[in-house]
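Listed below are the residues making up each chain.
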Amino acid sequence: MGWAYYALQVLAGAFALVIGTLLMVSLVLFIIDRTQTGDAIRRNYPVIGRFRNIFTKLGEFFRQYFFAMDREEMPFNRAQRDWVARAGAGKSNTVAFGSTRNLSIPGTPIFVNAAFPPLEGQFASTAPMKIGPFARIPYVTSSFFHISGMSYGAISKPAVQALSRGAAEAGIWLNTGEGGLSPYHLEGGCDIVYQIGTAKYGVRDAHGHLSDEKLAALAAIPQVKMFEIKLSQGAKPGKGGILPAAKINEEIARIRGIPLGEDSYSPNRHAEVGNWEDMLDMIGHVRKVTGKPVGFKAVVGGPEPFEQLFDLVRARGATSAPDFITIDGGEGGTGAAPMPLIDLVGLPIREALLMMSDLRDAAGLHDRIRLVASGKLVNPADVAWAIAAGADVVVSARGFMFALGCIQALKCNRNTCPTGITTHQPHLQKGLVVEEKYHRVARYARSVISEVETIAHSVGVSEPRQMRRRHVRLVLPDGSTRPMSQIYPRSDLVNELVR
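Residues numbered from 1 in each chain as written. Predicted model: local features only at pLDDT ≥ 70, side-chain atom pairs only at ≥ 80, totals over all residues. Heavy atoms only, no water.

J.: Which parts of the structure should I look at to understand the overall build of the protein chain?
T.: In terms of regular secondary structure, the protein chain is built from 18 helices and 15 strands. When contacts within the protein chain are restricted to residue pairs at least 6 apart in sequence, long-range pairs at least 24 apart make up 68% of them. Surface summary for the protein chain: the accessible area is close to 23,700 Å², and the carbon and sulfur share equals 59%. (Helix = DSSP H or I, 4+ residues; strand = E, 2+ residues; numbered from the N terminus. Contact = heavy atoms within 4.5 Å. Areas by Shrake-Rupley, 256 points an atom, 1.4 Å probe, with all protein chains shown as cover.)

Written out as structure tokens, the structure is:
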């Protein structure tokens, strides 16, 4: 029994030590909390008040995993993320028993199934589309779904590698984002859309101005198919990008042409572009230097500015037009942006796309300017709606982040992403295994394309770009539905052009 008695003494001593330590720590925290002046709760309720901050930080975690319903969470709900995860893993996305989607929410799109849909031999895959007919080297894409801009720097090296290889396998393009072209964008062999941001990373001279020499060098790379001039993006319209110093290493600094150890801020617009005249001049210049299609990316705040753009294009002639316009909804995401801009500035894609489609088509530019839709379009229903609303192409960034393994930890701006996607810490990047993840990227893209084609066949057309507003009904506040073509009618002229 001696050993048992000894063990009890040790345990009792350890217990007393733990209790004593806790009391001592509590006393120290009590004094700190009572004497500090920055936090009223901790000052009035020493020690206990600290639990409020702890629970506040943990609340995000508990809501995501335990309390939020499948379709409640923001910015993306569990049902959306799970669909992408299953698609990326190559698993079946069929469901049993019934839909969990609330079909009474106003604005919900419901596709109109045809009484006699085409038989298997009567439908086809999406037809190829030419972009930039007046460029020396036009671009033809066979897909309507692609990867939106995500900069190397904002996302990690293995993330870019997996996206590049996955895009090549799926036959889709990869937009570089405004951070320049890295070797990792090219290593997969996919088509590249080079984005020229307001800081002109990768194509800037020593003074930060656009360098024709660097533009021409990029255009000489066969994989670089198009150039996109970024005016604004959905998460922060009117403000340039932010890359925290913690995410800038020597390689990123060299690719972008920026100093180490400093936050990198992009201007809120291109200094040389103060109106649409300047914008068309810049588009024409880049197209002349590169010989490749050139478009721009913008957030829509209202119809008036774009009415001016299309009027100017008509006055100058079709050759002056941008080859494509990427419309980013105000609900777009980013790694770091002020909350007021994320929450309150810029029209949602559900309104902006319809508006821009009407303006373009009314100007007679339906076949000249391609519309690219962006903004929380990650599932087949979202993509199919965008095409029916007038988009020629749909791009997604966060959908492909989910395919890479993103868990919506909301730590993109802290360099502590637990899945290795938006961090440059090597021990966290190890979790992102390129050889595995690029297959998920490709499978996700193919799944979206396949299911959008299935929706198209269900509504009675042979391929997705034949879908129109009449193929979608929108839920009204009273629970009934009306065709989207009646809620957002086109003029007779536009109807004839897009019939």
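J.: Just checking my understanding: could you explain the packing of aromatic side chains for this structure?
T.: Each aromatic ring pair is described using two quantities: the centre-to-centre distance and the angle formed by the ring planes. If you walk through the whole model with that rule in mind, you get 8 aromatic pairs. Centroid distance phenylalanine 145 to phenylalanine 400: 5.5 Å. Interplanar angle 25°. Geometry classified as stacked. With phenylalanine 145 in strand E4 (residues 145-147) and phenylalanine 400 in helix H14 (residues 398-404), this pair connects stretches of sequence that are 255 residues apart. The burial state of phenylalanine 145 is the same as that of phenylalanine 400; both residues are buried. (Phe/Tyr/Trp six-rings, centres within 6.5 Å; stacked < 30°, edge-to-face > 60°. Buried < 20%, exposed > 50% of the residue type's maximum accessible area, 1.4 Å probe, protein only.)

J.: Just checking my understanding: could you explain the sheet that holds strand E1 (residues 109-111) for this structure?
T.: One key point about sheets: their strands pair by backbone hydrogen bonds, in either a parallel or an antiparallel sense. Overall, antiparallel pairing links the 3 strands, which are arranged E1-E14-E15 in an open sheet. Either end of the sheet is taken by a strand with one partner, and the two such strands are E1 and strand E15 (481-483). Going from strand to strand, the sheet's axes swing by 35° on average, the running direction of each strand aside. In this fold helix H13 (residues 380-389) packs onto E1 and strand E14 (472-475), with an angle of close to 85° to the strand it touches most, E1. (Pairing = 2+ DSSP bridges. Axes fitted to C-alpha atoms, helices over the stretch in contact; angles between N-to-C directions.)

J.: What am I meant to see in the pairing of strand E6 (residues 191-196) here?
T.: Successive side chains on a regular strand alternate, one facing one side of the sheet and the next facing the other. Most of E6 sits out of view: 5 of its 6 residues are buried. Pairing of strand E5 (residues 173-175) with E6 involves 3 bridges; the strand directions are parallel. The partner of asparagine 175 across the bridge, within E6, is valine 193. In this sheet, strand E7 (residues 224-230) lies alongside E6 in parallel orientation, the contact comprising 5 bridges. Residue pairing for E7: glutamine 195 is matched across the bridge by glutamate 228. Handedness of the E6-helix H7 (residues 212-219)-E7 crossover: right-handed. (Right-handed = clockwise from strand over helix to strand, strands pointing away.)

J.: Sorry, what's going on with the packing of helix H12 (residues 349-362) against H13 here?
T.: Two elements in contact, H12 and H13, have axes separated by 9 Å at closest approach and are oriented at 25°. In terms of axis orientation, H12 runs roughly parallel to H13. The residues of H13 that touch H12, namely those facing Ile349, Arg350, Leu353, Leu354 and Ser357, are Asp382, Trp385, Ala386 and Ala389. Split by residue class, the contact of H12 with H13 holds 6 nonpolar, 1 polar and 2 charged. (Parallel < 35°, antiparallel > 145°, perpendicular 65-115°, else oblique. Nonpolar A, V, L, I, M, F, W, Y, C, P; charged D, E, K, R; others polar.)

J.: Quick question: what am I supposed to make of unusual backbone geometry here?
T.: Glycine aside, residues mostly have negative phi angles, and peptide bonds mostly take the trans form. Positive phi is not limited to glycine here, since valine 47 has a value of about 65°. Summarising the element assignment, valine 47 is placed in the loop between helix H2 (40-44) and helix H3 (50-67). For lysine 200, which is not glycine, the phi dihedral falls at a positive 55°. Within the secondary structure, lysine 200 sits in the loop between E6 and H7.

J.: Would you explain the nonpolar core in this entry?
T.: Looking at soluble globular proteins, one finds that nonpolar side chains tend to be buried together. By size, the foremost hydrophobic cluster in this structure holds 109 residues, and its most contacted members are Phe227, Phe296, Phe306, Phe310, Leu353, Tyr444 and Met467. A per-element tally of this core places helix H16 (residues 434-459) first, with 12 residues. The next biggest cluster of nonpolar side chains, apart from the first, holds 9 residues, and it includes Trp173, Met226, Val372 and Val395. (Core = buried A, V, L, I, M, F, W, Y, C linked by side-chain atoms within 4.5 Å.)

J.: Would you explain the pattern of salt bridges in this entry?
T.: Pairs may arise between side chains of opposite charge once their charged atoms sit close together. The full count for this structure, using the stated rule, is 18 salt bridges. When the shortest N-O distance is used, the salt bridge between glutamate 436 and arginine 440 registers 2.9 Å. In this pair, glutamate 436 and arginine 440 both sit in helix H16, 4 residues apart, roughly one turn of the helix. Using a relative accessible area of 36% as the deciding quantity, one classes glutamate 436 as partly exposed. A relative accessible area of 23% places arginine 440 in the partly exposed class. Each of Asp358, Arg360, Asp361, Asp392, Arg469 and Arg490 takes part in one network of salt bridges that share partners. (Salt bridge = Lys/Arg side-chain N within 4 Å of Asp/Glu carboxyl O.)

J.: For this particular structure, what's the right way to read the environment of leucine 218?
T.: Structurally, leucine 218 is set in helix H7. For leucine 218, a relative accessible area of 10% translates into the label buried. Measuring from C-alpha to C-alpha, the distance between leucine 218 and valine 203 comes to 8.5 Å, with 15 residues separating the pair along the chain. Once you skip the residues sitting within four places of it in the chain, leucine 218 turns out to touch Leu181, Tyr194, Gly202, Val203, Val224 and Phe227.

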